[in-house]
Amino acid sequence: MAKKLVLVRHAKAATPDGVPDHDRPLTERGRRDALEVGRWLRSLGLSPQVALVSGASRAQETFRLLAAELDEQPEARITEDAYYAGAGELLELVRALPAATVSALLVAHNPGIGMLASLLDDGRSSADGAAGLQGGYPTSAVTVFELSGDWAELDPGTARLTAATVARG
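Residues numbered from 1 in each chain as written. Predicted model: local features only at pLDDT ≥ 70, side-chain atom pairs only at ≥ 80, totals over all residues. Heavy atoms only, no water.

(A) View of the overall build of the protein. When helices and strands are counted, the protein shows four helices and six strands. Moving toward the C terminus, one meets the helices and strands of the protein in the order β-α-β-α-β-α-β-α-β-β. What you see for the protein is a C-alpha radius of gyration of 14 Å, in line with the 15 Å of a compact globule of 169 residues. For the C-alpha atoms alone, the extent of the protein along its principal axes is close to 45 × 30 × 30 Å. Relative to its full complement of 169 residues, the protein shows a buried share of 49%. Sequence separation of 24 or more characterises 79% of the internal contacts of the protein that already satisfy a separation of 6 or more. Only carbon and sulfur atoms are counted for the fraction: they give 49% of the accessible area of the protein, which is about 7,600 Å². Treating the 17 positive side-chain charges of the protein as one cloud and the 22 negative ones as another, the clouds have centres 5 Å apart. (Helix = DSSP H or I, 4+ residues; strand = E, 2+ residues; numbered from the N terminus. Rg over C-alpha atoms; globule rule 2.2 N^0.38 Å. Buried < 20%, exposed > 50% of the residue type's maximum accessible area, 1.4 Å probe, protein only. Contact = heavy atoms within 4.5 Å. Areas by Shrake-Rupley, 256 points an atom, 1.4 Å probe, with all protein chains shown as cover. Lys, Arg positive; Asp, Glu negative; His and termini not counted. Charge placed at Lys NZ, Arg CZ, Asp CG, Glu CD.)

(B) Summary view of the nonpolar core. By size, the foremost hydrophobic cluster in this structure holds 28 residues, and its most contacted members are Leu-5, Leu-7, Leu-90, Leu-106 and Leu-120. Breaking this core down by element, the ones donating at least two residues are strand 1 (3-9), strand 2 (50-54), helix 3 (87-95), strand 4 (103-108), helix 4 (112-120), strand 5 (141-147) and strand 6 (160-166). For Leu-7, the contacting residues outside a window of four places in its chain are Leu-106, Ile-113, Leu-116, Ala-117, Leu-120, Tyr-137, Ala-141, Val-142, Thr-143 and Phe-145. With 19 residues, the next largest nonpolar core counts Trp-40, Leu-46, Ala-59 and Leu-105 among its residues. (Core = buried A, V, L, I, M, F, W, Y, C linked by side-chain atoms within 4.5 Å.)

(C) Layout of the pattern of salt bridges. Overall, the coordinates contain 13 salt bridges when judged by the stated rule. One salt bridge in this structure joins Asp-33 and Arg-168, with 3.3 Å as the shortest N-O distance. Taken together, the positions of Asp-33 in helix 1 (residues 28-43) and Arg-168 in the segment after strand 6 put the pair 135 residues apart, joining distant regions of the chain. A residue is classified by how much of its surface remains accessible, and Asp-33, at 1% relative accessible area, is buried. The shortest N-O distance in the salt bridge between Arg-95 and Asp-155 comes to 2.6 Å. (Salt bridge = Lys/Arg side-chain N within 4 Å of Asp/Glu carboxyl O.)

(D) Layout of the packing of aromatic side chains. Applying the stated criterion across every chain, the model contains one aromatic pair. A ring pair is formed by Tyr-83 and Tyr-84, whose centres lie 4.5 Å apart and whose planes are at 50 degrees; its orientation type is tilted. (Phe/Tyr/Trp six-rings, centres within 6.5 Å; stacked < 30°, edge-to-face > 60°.)

(E) Examining helix 4 more closely. Every buried residue of helix 4 is listed here: Gly-112, Ile-113, Gly-114, Leu-116, Ala-117 and Leu-120. Where helix 4 is buried, its residues touch strand 1, helix 3, strand 4 and strand 5.

(F) Here's a closer look at the sheet that holds strand 1. One open sheet holds the six strands; their spatial order is 3-2-4-1-5-6, and the pairing between them is mixed. At either margin of the open sheet sits one strand with a lone partner, and together these are strand 3 (75-79) and strand 6. Going from strand to strand, the sheet's axes swing by 15 degrees on average, the running direction of each strand aside. In terms of strand pairing, strand 5 meets strand 6 through six bridges, oriented antiparallel. Opposite Glu-146, over in strand 6, you have Arg-160 as the bridge partner. Helix 1 contacts strand 1, strand 5 and strand 6 of the sheet and is inclined by roughly 30 degrees relative to strand 5. Across the sheet, helix 3 is in contact with strand 1, strand 2, strand 3 and strand 4; its angle to strand 4 comes to roughly 150 degrees. (Pairing = 2+ DSSP bridges. Axes fitted to C-alpha atoms, helices over the stretch in contact; angles between N-to-C directions.)

Rendered as C-alpha cells:
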C-alpha cells in the first residue's frame, strides 16, 4: 500500500509588536485559510494518521484549525525540531515515522517546507495545482505526495506529487 505525505506551510501569521517570532498568531485570513486547507484535504478523502507540527504558535494554530475539518483527527506530535528546520532536517523527521504509519502530515515553515516539497518530487506529476507552486511555497500551500517504500527509505526524487493547492478561505 502506498503511503501518503501531506506537506503544509503554516497559514498567514500576524507580526504584532513585541511578540517573538515563535509566538506569532495567525491573522484572520490565516485562520480562514487553515480551515480551507482542512476542507480541501477532506475533499480528497485524506485524514492523516500522524501530524508532525512545528512548535511555533502559527503552525500549531494552523494544525488545530485544519484538523477540525478532517473526518478523523491525526495524532499530533509537536516538535521544535521543525521550527527553523531546513529541508534535510524535515526529511529526517519524516524518515523517523514508524513503518506502520500509512499517512502523515507535516506542518512547518519556509524555506524548509517548500524546499522539501521540491526535493521529494519525482517530476512525473500532472497534479492540478502543481503549476501554481512554481513561483514558491506561499502560506497555506499544500502538497500531497505518494511513496511506495518505507518512510526510512524516502529520498530526494522518490515521491510522486498527487495533489497541490494554495488554500484561500
